[in-house]
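# Observations on the three-dimensional arrangement
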Amino acid sequence: MQKTVKAAEAISRGLIIQTTQVLGTVLSFEHPADAVLSRHFRENRDLGHRDRGFIAETVYGIVRRLRWLRRIAGATATPRQLLLAWLARGEGWPMRQFEGLASATERDWIESIKSATLDEGTVAERADLPDWLTERLLASHDEAAVLQLAYSLNRPAPLDLRVNVLKADRDAVLAKLNEDGFAAEACTMSPQGIRLAGKPALQKYPLFLEGGFEVQDEGSQLLGLLVQPKRSELVVDFCAGAGGKTLQLGAMMRSTGRLYAFDVSEKRLAKLKPRMARSGLSNVHPVLIAHENDAKVKRLAGKADRVLVDAPCSGLGTLRRNPDLKWRQTPESVDEMVVKQGSILAAAARLVRPGGRLVYATCSLLAEENDAVVDAFLAANPAFKAVSAQEVLERQGVTLATGERLRLSPHEHNTDGFFAAVLERQSSVPGAADD
Ligand SMILES: C[S@@+](CC[C@H](N)C(=O)[O-])C[C@H]1O[C@@H](n2cnc3c(N)ncnc32)[C@H](O)[C@@H]1O
């Protein structure tokens with residue numbers, strides 16, 4: 001508690017006002033919270049590391065516990081009231097810390113909410129999730145599991161790195177990080193992963209600039225391992241985005257063969273370029289496509305050894321990092337996503353050569369974006385058969401009792417929530433009517 005009190009002593013009225021402004025913009029839910037924060041920091045370059053940390057952590061803390069805070073502070077509480085309620089109840093600030101920051105009337109109000117008690121509340125209220133999402137999770141989990149999952153999603157995520165195996169080896173990177181004062185340890189599941197304590201700034205760290213590692217959640221690294229690309233293969237990362245997994249696949253291919261990084265977003269693909277330069281990879285070919293049935297995609301029909309579909313999804317498995325998603329997504333947006341996912345998977349499957357592998361992955365926790373999409377695909381494409389994700393990982397030294405389909409969750413694996421299914425196009429079904 002002493003640490004919180006000390007940090008709070010340095011909080012100025014100005015910082016409280018700025019945090020309230022950022023919070024107000026985030027709570028309009030017109031833009032993603034991380035974009036609102038980045039923009040604020042770009043426009044206020046004089047803000048120090050600690051003040052940025054205070055604004056970001058406070059805003060994320062409030063968004064994570066918004067339902068609880070509204071129960072405490074009132075359904076129509078203003079951003080400033082939510083902030084004061086968070087500092088008093090979420091951060092446990094004692095009354096004397098509000099002197100000079102809150103008016104006498106506000107301090108009376110804070111005192112009253114400090115001692116306010118709440119009834120137990122509904123499952124959704126206790127989980128700090130919207131009702132519709134709680135209902136959908138309850139369809140595949142019991143109440144205790146939903147609450148456990150929600151509590152783990154409502155905490156900040158650790159910082160994981162993936163060692164670039166083309167340039168470095170994990171033990172050497174680990175030793176260097178520890179020597180330079182970072183508290184780093186090897187990830188327990190991913191053989192390429194390192195977990196750091198705290199949130200150190202790494203953008204200017206020489207080993208990062210030289211391409212020795214990238215930031216990537218350990219769970220996301222396991223998805224790359226499921227693709228298991230080999231040297232000289234033709235591999236397609238169908239939804240490459242800024243290339244988190246592309247870079248991992250390229251390094252696993254030892255910068256040989258051809259690795260196509262498709263995406264419909266020019267902005268995301270542009271973010272891949274500097275990362276490619278750092279990584280030292282020369283086998284990556286970013287390709288901007290208009291949609292999943294673009295002619296640039298069709299040219300590779302039947303040619304790919306491996307295809308990864310890291311599908312656009314609700315992102316609800318990443319609530320530790322993007323807590324605003326739970327308030328921004330709707331049942332309708334999820335339903336639209338499911339249609340898109342089916343269409344992308346069908347288009348990507350056409351690229352897989354006989355005997356080749358297709359991996360469908362999401363960072364969603366919802367069965368309709370995961371199993372339902374894969375089940376519908378398998379029913380319509382008898383040439384594809386499921387392969388055990390557990391066995392694919394085992395062959396790479398990862399022991400994880402996941403069964404046929406990979407399911408990762410923060411409360412069980414301390415990773416983001418991920419789903420993946422590994423499928424293989426049978427070589428013995430000539431001309432199967434699957435496309
Ligand atoms: C989950 S993100 C990918 C994250 C990325 N693989 C990584 O590891 O960093 C999904 C991506 O799918 C892209 N996308 C959306 N619709 C698409 C489509 N029809 N074809 C290909 N990519 C698409 C989005 O622009 C987004 O970058």
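All values derive from a computational prediction rather than experimental measurement.

With that out of the way, let us pick up the UniProt feature "binding site: S-adenosyl-L-methionine" (unreviewed entry) in the protein. Under the UniProt annotation, "binding site: S-adenosyl-L-methionine" (unreviewed entry) lies at Asp-263 and Asp-310. Taken together, the annotated residues stretch across 48 residues yet fold into one region, lying no more than 10.5 Å apart by C-alpha. In this fold, Asp-263 is placed in strand E6 (residues 258-263). When neighbours within four sequence positions are excluded, Asp-263 is seen to be in contact with Cys-239, Ala-240, Gly-241, Arg-268, Leu-269 and Leu-288. Assignment of secondary structure puts Asp-310 in strand E8 (residues 304-310). Excluding its chain neighbours within four sequence positions, the residues that come into contact with Asp-310 are Leu-223, Cys-239, Lys-245 and Ala-361.

On to the pairing of strand E5 (residues 234-237). Note that E5 and E6 share 4 bridges and pair parallel. Bridging across to E6, Leu-234 finds its partner in Arg-258. Relative to E8, E5 runs parallel, the two sharing 3 bridges. Opposite Asp-237, over in E8, you have Leu-308 as the bridge partner.

Here the focus is the domain arrangement of the protein. Domain annotation for the protein reports domain 1 (2-118) and domain 2 (218-425). Taken over C-alpha atoms, the centre of domain 1 sits 37 Å from the centre of domain 2. Where the side of domain 1 that touches domain 2 is concerned, the elements lending two or more residues are helix H3 (33-43) and helix H4 (49-64). Here the side of domain 1 that touches domain 2 gets 3 residues from one element, more than from any other, and that element is H4. Looking at the side of domain 1 that touches domain 2 residue by residue, the classes come out as 7 nonpolar, no polar and 2 charged.

So, on to the site of the ligand. As a matter of local geometry, the ligand sits amid 19 residues, with Cys-239, Gly-241, Gly-244, Ser-265 and Asp-310 nearest to it. Here the shell around the ligand is built from residues that sort into 9 nonpolar, 5 polar and 5 charged.

Residue placement: Gly-53 occurs in helix H4. For Gly-53, a count of 14 C-beta atoms within 10 Å translates into the label partly exposed. Along the primary structure Gly-53 and Lys-199 are separated by 146 residues, whereas in three dimensions their C-alpha atoms are 9.5 Å apart.

With that settled, consider the packing of helix H2 (residues 13-27) against H4. It is at 10 Å that the axes of H2 and H4 come closest, and there the two elements cross at 45 degrees. On the basis of the axis angle, H2 is oblique to H4. Read as a crossing pair, H2 and H4 show a hand that is right-handed. Of H4, the residues touching H2 (which contributes Leu-15, Gln-18, Thr-19, Val-22, Leu-23 and Val-26) are Asp-51, Phe-54, Ile-55, Thr-58, Val-59, Ile-62 and Val-63. Of the residues belonging to the contact of H2 with H4, the class tally is 9 nonpolar, 3 polar and 1 charged.

The UniProt feature table records "active site" (unreviewed entry) at Cys-363. Checked against the element boundaries, Cys-363 lands in the loop between strand E9 (352-362) and helix H19 (371-380). The residues contacting Cys-363, other than those within four sequence positions of it, are Cys-313, Gly-315, Gly-317, Thr-318, Asp-416, Gly-417 and Phe-418.

Further remarks concern the sheet that holds strand E2 (residues 184-186). Taken in spatial order, the 4 strands make up an open sheet running E2-E3-E1-E4, and their pairing is antiparallel. Whereas interior strands pair on both sides, the edge strands pair on one side only; in this sheet they are E2 and strand E4 (213-215). Averaged over all neighbouring strand pairs, the angle between strand axes comes to 30 degrees, with direction disregarded. Judged from the 3 bridges that link them, strand E1 (residues 159-163) and E4 form a sheet pairing that is antiparallel. Bridging across to E4, Leu-161 finds its partner in Val-215.

The buried fraction of helix H13 (residues 218-227) is high, at 10 of 10 residues. Every buried residue belonging to H13 is among Glu-218, Gly-219, Ser-220, Gln-221, Leu-222, Leu-223, Gly-224, Leu-225, Leu-226 and Val-227, and all of these are buried.

Reading the values: rules and limits
Residues numbered from 1 in each chain as written. Predicted model: local features only at pLDDT ≥ 70, side-chain atom pairs only at ≥ 80, totals over all residues. UniProt positions renumbered as here; feature names shortened; annotations may be inferred. Helix = DSSP H or I, 4+ residues; strand = E, 2+ residues; numbered from the N terminus. Contact = placed C-beta atoms within 7 Å. Pairing = 2+ DSSP bridges. Domains from an automatic or database assignment. Nonpolar A, V, L, I, M, F, W, Y, C, P; charged D, E, K, R; others polar. Near = placed C-beta within 6 Å. Buried ≥ 20, exposed ≤ 12 C-beta atoms within 10 Å, placed from the backbone. Axes fitted to C-alpha atoms, helices over the stretch in contact; angles between N-to-C directions. Parallel < 35°, antiparallel > 145°, perpendicular 65-115°, else oblique. Left-handed = near helix turned anticlockwise from the far one by under 90°.

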